[in-house]
Amino acid sequence: MLSVVVNGLRARWASFLGGFLALMLGAGLLTATGLGLAAALDPPPRAPERFASSPVVVLGQDRLTVEVRRGPGTALVSRPLDRPQPVDTAALRELRARWTLTENPAGVRHPDAVGLDAPAERVRELVGDRAQVLTGAERRRADPGHERDGHELTGLDALLGTAGGVAAFVSVFVVASVFAFSVALRRREFGLLRTAGATPGQIRRLLLAEATVLGVTASAAGCALGGLAAPPMARALVARGLAPGWFADAAGGSAGWPYHLAFWTGLGVALAGAAAAAHRAGRTGPTDALREADVDRDVLPPGRALLGAGLLAAGLGLLAWTYATEPEALLKRKTYTTLPMLLTGGAALLAPLLVRPVARLLPVPRGGAIGLLVRENGAAAVRRTAAVAAPVLVTVALAGTLFGASESVTRAKETEARERTAAAHVVEGRGLELPARTPGTVVAASGPTSLFVRDGAEAVVKYGARAVADPAAFAALARLPVVAGDLRDLDDRSIVVNEDFERRRVGEHLEVWRADGSGPVRLRIAAVLARGTGDNGPYVTRAQAPGAPLDRLESDRPLAAAGDPSAAPAVNRAARTGLRLILVLVLLYTVIALASTLLMATSVRGGELASLRLAGATRAQALGAVTGEALLAVGIGTVLGLGVTAVVLGALGAGLAALSAPVVLALPWAQTGAAAGVCAVVAVAASALPAWRLAR
């Protein structure tokens, strides 16, 4: 059996080249992203910077710990503070009385951390629970870059995880498409084997053995490729500011699980992609050796139809459920990255069912026999057309949904931000200072802070909030979507919340902990805002945000503000880079799938092209018919992909409307057009090259 498999792979290497490249690329990407995730999840030990010469560091508390209900009893839950609290004054005085302290920066009256050279156990006994005592590598928690590294690693984990997930998702379709179309082209071969006495089980085992050999070799090559690609990938991420500097050297570490994950995933994808094709091949009868017709029948097996319908129903159902129960989740990257995959997968599986009706709708030149031939051949050869349209559908749908949803959410946030204020001039930036009062000028200043609020009796939620310096000026310039109460009632003992809060009735009191962990304090709800895109409140005064810097000044007249003025906050670079990376990956897979499918499909059309020439068609006309069919299939895939995009963006628009946010939808014509254009160029080239040789 093995010799038959190896000889078959050698004889038909071109048919399996696309699947091999897709598996190798997928395994390589999983290896590279896995090595990056391993480095991010388990970073190498690094020497502290701020207190490098101090063996012991006393750090103020950097987490809020609150007792909540857990079943019949209670438990303690912790949430990270925006910044560490100052070291307890009494503890600091006792430490200074016993040891010499290192303070960085020097001269701060209430430092958040100090270093000293003393036995750690004695320091812990003295400090107790008033502060944290750090030794060894934990001393890095006092470094100013520790929190920044944490934010970068969170975005990096999301970027690498999404890229790896999309690679696995798309490679399944590419490999399954290659195997399915290869089986369709080899039906006469299988019919001859059945005539010679081969059993259905032997046919299935033959294909599974081919898939195993292909999966093992491609996955092994992909693991080697990913190991080589991980360090350059890490350096590129660091150069673009998406990862800490140390990540460039850590991504090529010695972790073994990424190689195992990539290898076994690649082998599993190969076997999964070949399983359905093997089952179909096993049902080939001896009479199929005599078939010559190109009209496809039974192109949608019951299993594929059931799976496609299930994925499509699951995607539509989850979109509807999310809209009905939690519309704000539609604006989150996790939602508009994962849900479209269900819709895309379902539509790709049902492509053979959709090819004929869409082909009838697309405009095809009717002025001659070539146009008629293109339309009828495309509708008759459903397997070939669907095999070309499916990867195009996946590419256009992912480009449209990912970029469209991201851009739509960004535009909605920008529009909402403009509508939230009546100020004629806005200055944003770090370190702003409140300008001197000018008669007749209204200036509303605010800065970022955090609030911790109980969510029922079982949880504590951290909210990003805004602290306003002058409540009267804030109320005069704000144009927030108030659903209850009045912004003019905001004072030092009250709060403006939004509809996300459990308690949101005007006049009720809310128990709140401040950003530095102090509290709790009871604040009266002065007003309630609509949810919007997520930036509508809460709002408090600076009395409830000790140490909060100003980063936004609004005025009804021009003003000159000290600090570092800037434009609106920049779009998340990690998210943008991740989307571009995903689109490039999907395009690579699509190019592989299109080239492989069309090279296989066109290489067996020699008799058809010869018949066209004998019927009087010129060589150029024969090439026009072949490339026209390829373009028709690309057009079908593009239309179906845009249909998936319309469904996702429609649900997003409905979610924005339900949140009382501006509905500003953006269809990324540049990305979808570029994706469709690349697919069209590849399809024409992959069909024209073999057809040019065969049509001589």
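Residue positions are given per chain, counting from 1 as you read along its sequence in written order. Selection of residues for local features in this predicted model requires a pLDDT of at least 70, selection of side-chain atom pairs for listing and counting requires 80 or more, and totals for whole chains, interfaces and linings are taken over all residues. Only hydrogens and water are set aside; all other atoms, that is, all heavy atoms of the structure, feed into the side-chain values.

Brief notes about the overall build of the protein chain
Then, in step 1: Secondary structure is summarised from DSSP: a helix means a run of H or I of at least four residues, a strand means a run of E of at least two, and numbering begins at the N terminus for each. In terms of helices and strands, the protein chain carries 19 helices and 16 strands.
Then, in step 2: Looking at the 696 residues of the protein chain, the share that counts as buried comes to 48%.
Then, in step 3: Partitioning the intrachain contacts of the protein chain with sequence separation of at least 6 by distance along the chain shows that 80% fall at a separation of at least 24.
Then, in step 4: The Shrake-Rupley method, run with a 1.4 Å probe, gives the accessible areas here. Residue values count only the displayed protein chains as cover. Surface exposure of the protein chain reaches about 31400 Å², of which carbon and sulfur atoms provide 60%. Each residue is assigned to one of three classes by its accessible area relative to the maximum for its type, calculated with a 1.4 Å probe on protein chains only: buried under 20%, partly exposed between the two thresholds, exposed over 50%. Any pair of residues with heavy atoms lying within 4.5 Å of one another is described as a contacting pair.

Focus on the side chain of Ser 406
Then, in step 1: Looking at where Ser 406 falls in the secondary structure, it is placed in helix H14 (residues 382-419).
Then, in step 2: On the basis of relative accessibility, which here comes to 8%, the residue Ser 406 falls in the buried class.
Then, in step 3: Excluding residues within four positions of it along the chain, Ser 406 makes contact with Tyr 336 and Leu 579.

Let's talk about the sheet that holds strand S1 (residues 56-59)
Then, in step 1: Strand pairing requires that DSSP identify at least two bridges connecting the strands. The sheet built from four strands is open, its strands ordered S4-S5-S1-S6 with antiparallel pairing. The outermost strands of the open sheet, each flanked by one partner alone, are strand S4 (101-102) and strand S6 (132-135).
Then, in step 2: Taken together, the two bridges between S4 and strand S5 (residues 113-116) define a ladder with antiparallel strand orientation. Paired with Leu 101 across the two strands is Leu 116, which belongs to S5.
Then, in step 3: Each axis is a line fitted through C-alpha atoms, taken for helices only over the stretch in contact, and angles between the N-to-C directions span 0 to 180 degrees. Its contacts with the sheet put helix H4 (residues 120-127) on S1, S5 and S6, and the angle it makes with S6 is roughly 170 degrees.

With respect to the nonpolar core
Then, in step 1: In plain words, nonpolar cores are sets of buried Ala, Val, Leu, Ile, Met, Phe, Trp, Tyr and Cys residues tied together by side-chain atoms within 4.5 Å. Counting residues in hydrophobic clusters, the biggest one holds 47 residues, and the most contacted among them are Leu 23, Val 170, Val 174, Phe 179, Val 394, Leu 398 and Val 586.
Then, in step 2: Only helix H2 (13-41), helix H5 (145-185), helix H7 (200-239), helix H9 (257-282), helix H11 (333-349), H14 and helix H16 (573-603) provide two or more residues apiece to this core.
Then, in step 3: Among the nonpolar cores identified, the runner-up in size contains 32 residues, and Val 382, Val 409, Leu 649 and Leu 656 belong to it.

A closer look at H7
Then, in step 1: Working rule for helices: expected span equals 1.5 Å times residues minus one. Its 40 residues place the ends of H7 56 Å apart at the C-alpha level, agreeing with the 58 Å of an ideal helix rising 1.5 Å per residue.
Then, in step 2: At Ala 229, H7 shows its largest bend, some 35 degrees, and a proline, Pro 231, comes one to four positions later.
Then, in step 3: With its phi angle positive at about 75 degrees, Gly 241 sits one or two positions after the end of H7. The bend reported for a residue corresponds to the angle between axes fitted to the seven residues ending at that residue and the seven starting there.

Things to note about the pattern of salt bridges
Then, in step 1: The salt bridge definition used is simple: a Lys or Arg side-chain nitrogen within 4 Å of an Asp or Glu carboxyl oxygen. Within the structure shown, the criterion is met by 18 salt bridges.
Then, in step 2: As a salt-bridge pair, Arg 140 and Glu 49 come within 3.8 Å of each other at their nearest N and O atoms. Of this pair, Arg 140 sits in the loop between S6 and H5 while Glu 49 sits in the loop between H2 and S1, and the two are 91 residues apart along the sequence.
Then, in step 3: Taking the relative accessible area as the measure of exposure, Arg 140 reaches 8% and is therefore buried.
Then, in step 4: Of the charged contacts, one joins Asp 62 and Arg 141 as a salt bridge, the two residues approaching to 3.0 Å between their closest N and O atoms. Linking Asp 62 in the loop between S1 and strand S2 (63-70) with Arg 141 in the loop between S6 and H5, this pair joins segments that are 79 residues apart in sequence.
Then, in step 5: Residues joined by salt bridges that share partners form a network here, namely Glu 49, Arg 140 and Asp 143.

A few points about the packing of helix H12 (residues 351-361) against H14
Then, in step 1: Taken N-terminus to C-terminus, the directions of H12 and H14 make an angle of 100 degrees; their axes are 9 Å apart at the nearest point. As summarised for this structure, H12 and H14 are arranged roughly perpendicular, according to the angle between their axes. Within the contact between the two elements, H12 uses Ala 351, Pro 352, Val 355 and Arg 356 and H14 uses Val 382, Thr 385 and Ala 386.
Then, in step 2: A breakdown of the residues in the contact of H12 with H14 according to their chemical character gives five nonpolar, one polar and one charged. Here the word oblique covers every angle except those under 35 degrees (roughly parallel), over 145 (roughly antiparallel) and from 65 to 115 (roughly perpendicular). Any residue outside Ala, Val, Leu, Ile, Met, Phe, Trp, Tyr, Cys, Pro, Asp, Glu, Lys and Arg is labelled polar, Gly included; the first ten of those are nonpolar and the last four are charged.

Regarding the packing of aromatic side chains
Then, in step 1: Here a pair means two rings of Phe, Tyr or Trp (six-membered ring of Trp) with centres within 6.5 Å. Their orientation is stacked below 30 degrees between planes, edge-to-face above 60, and tilted elsewhere. Using the criterion set out here, one finds three aromatic pairs in the structure.
Then, in step 2: Judged by centre distance (5.1 Å) and plane angle (85 degrees), the rings of Phe 263 and Trp 264 are edge-to-face.

Details of unusual backbone geometry
Then, in step 1: Note that the residue after Asn 104, namely Pro 105, is joined by a cis bond; omega there is 5 degrees.
Then, in step 2: Assignment of secondary structure puts Pro 105 in the loop between S4 and S5.
Then, in step 3: Although it is not a glycine, Ser 660 adopts a positive phi angle of roughly 60 degrees.
Then, in step 4: With respect to the helices, strands and loops of the structure, Ser 660 is situated in the loop between helix H18 (619-658) and helix H19 (669-694).

What about the packing of H11 against H12?
Then, in step 1: Two elements in contact, H11 and H12, have axes separated by 5 Å at closest approach and are oriented at 70 degrees. If you check the angle between H11 and H12, you find them roughly perpendicular. On H12, the residues touching Ala 347, Ala 348 and Leu 349 of H11 are Ala 351, Pro 352 and Leu 354.
Then, in step 2: A breakdown of the residues in the contact of H11 with H12 according to their chemical character gives six nonpolar, no polar and no charged.

Observations concerning the confidence of the model for the protein chain
Then, in step 1: Taken over all residues, the pLDDT of the protein chain has a mean of 82, while the share at 70 or more is 89%.
Then, in step 2: pLDDT gives the predictor's per-residue confidence on a scale running from 0 to 100. Per-element confidence in the protein chain ranges from a low mean pLDDT of 42 for strand S16 (residues 564-566) to a high of 95 for strand S14 (residues 539-541).
Then, in step 3: Counted against residues more than four places away or in other chains, residues 561-571, with its pLDDT under 50, gives 23 contacts.

Side note on the side chain of Thr 415
Then, in step 1: Along the chain, the position of Thr 415 falls in helix H14.
Then, in step 2: On the basis of relative accessible area, Thr 415 is assigned to the buried category, the value being 14%.
Then, in step 3: When near neighbours in sequence (up to four residues on either side) are disregarded, Thr 415 contacts Pro 662 and Val 664.

Some words on the environment of Asp 157
Then, in step 1: Considering the arrangement of structural elements, one finds Asp 157 in helix H5.
Then, in step 2: Given the relative accessible area of 23%, Asp 157 is considered partly exposed.
Then, in step 3: Spatially, the C-alpha atoms of Asp 157 and Thr 33 are 9.2 Å apart, while their sequence positions differ by 124 residues.
Then, in step 4: Discounting residues that sit within four places of it in the chain, Asp 157 has contacts with Leu 37, Ala 40 and Leu 41.

Focus: the environment of Ala 275
Then, in step 1: Looking at the secondary structure, you find Ala 275 in helix H9.
Then, in step 2: The class of Ala 275 is partly exposed, set by a relative accessible area of 38%.

Describing the environment of Asp 491
Then, in step 1: In this fold, Asp 491 is placed in the loop between strand S10 (482-485) and strand S11 (494-498).
Then, in step 2: Residues Asp 491 and Ala 543 lie 52 residues apart in sequence; the distance between their C-alpha atoms is 9.0 Å.
Then, in step 3: If we ignore the near neighbours within four places in the chain, the residues touching Asp 491 are Arg 524 and Thr 541.
Then, in step 4: Separated by 3.0 Å, the side chain of Asp 491 and the backbone nitrogen of Arg 493 make a polar contact. The definition of a polar contact used here is a pair of N or O atoms within 3.5 Å, where within protein one atom must be able to donate a hydrogen and the other to accept one, and adjacent residues in sequence count solely through side-chain atom pairs.

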